[in-house]
Amino acid sequence: FIVTQGQFFLDEMVSITGGKSYRPPTPDELEENIRAIALLLQQQYVIGYQPKASPNKDKWHSVEIKAEPIIGLKGEKIPLTLYTRKGYFVENPTK
């Protein structure tokens, strides 16, 4: 399907913030998307991070998060899906 300028900006924002977007191709698939979102919201965790003071003000700081797969009841490895921001920007408060 055709990607509009609005969809492009939404995808860019989602990529930067670590979110996820859904665009059901048909109204019939909207309910399926709502169920998927509800399931994700029930299974989410929030991990906080507060960096030490950095002299690198006005600079982008990349962040990489990794998680080991969990072990299922039958001993199988179950990969985790992480939705994370790619980093953060620290502004210089003296400006």
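Residues numbered from 1 in each chain as written. Predicted model: local features only at pLDDT ≥ 70, side-chain atom pairs only at ≥ 80, totals over all residues. Heavy atoms only, no water.

Peer 1: So what exactly am I meant to see when it comes to the environment of G18 here?
Peer 2: Structurally, the position occupied by G18 is in the loop between helix 1 (5-17) and helix 2 (30-42). The spatial distance from the C-alpha of G18 to the C-alpha of R85 is 4.2 Å, given a sequence separation of 67 residues. If near-sequence neighbours (up to four positions away) are discounted, G18 is found in contact with Y83, T84 and R85. (Helix = DSSP H or I, 4+ residues; strand = E, 2+ residues; numbered from the N terminus. Contact = heavy atoms within 4.5 Å.)

Peer 1: Just to check I follow, could you spell out the layout of surface pockets for this structure?
Peer 2: In this approach, a probe sized like a water molecule rolls over the atoms, and the result shows the empty space that is left. When its volume is computed, the largest pocket comes out at roughly 1200 Å³. Every residue lining the largest pocket is counted, 28 residues in all, and those nearest its centre are Y45, V46, L82, Y83 and T84. (1 Å grid on protein atoms, 1.4 Å probe; cavity = no way out; pocket = protein on both sides within 12 Å on 5 of 7 lines; lining within 4 Å. Points joined across faces, edges and corners; volume = space filled by probe spheres on them.)

Peer 1: What is the right way to look at a nonpolar patch on the surface in this model?
Peer 2: A contiguous nonpolar surface patch, about 400 Å² in accessible area, is contributed by I65, I70, I78, L80 and L82. Examined against the element boundaries, L80 turns out to sit in the loop between strand 3 (77-78) and strand 4 (87-90). (Patch = residues over 30% accessible without salt bridge, like charges linked within 9 Å, V, L, I, M, F, W, Y side chains within 5 Å. Areas by Shrake-Rupley, 256 points an atom, 1.4 Å probe, with all protein chains shown as cover. Salt bridge = Lys/Arg side-chain N within 4 Å of Asp/Glu carboxyl O.)

Peer 1: Teacher, can you tell me more about the side chain of Q7 here?
Peer 2: Mapped onto the secondary structure, Q7 falls in helix 1. Among the polar contacts listed, one links the side chain of Q7 to the backbone nitrogen of T4, at a separation of 2.9 Å. (Polar contact = N/O pair within 3.5 Å; in protein donor to acceptor, adjacent residues only side chain to side chain.)

None of this, on its own, says anything about what the molecule does.
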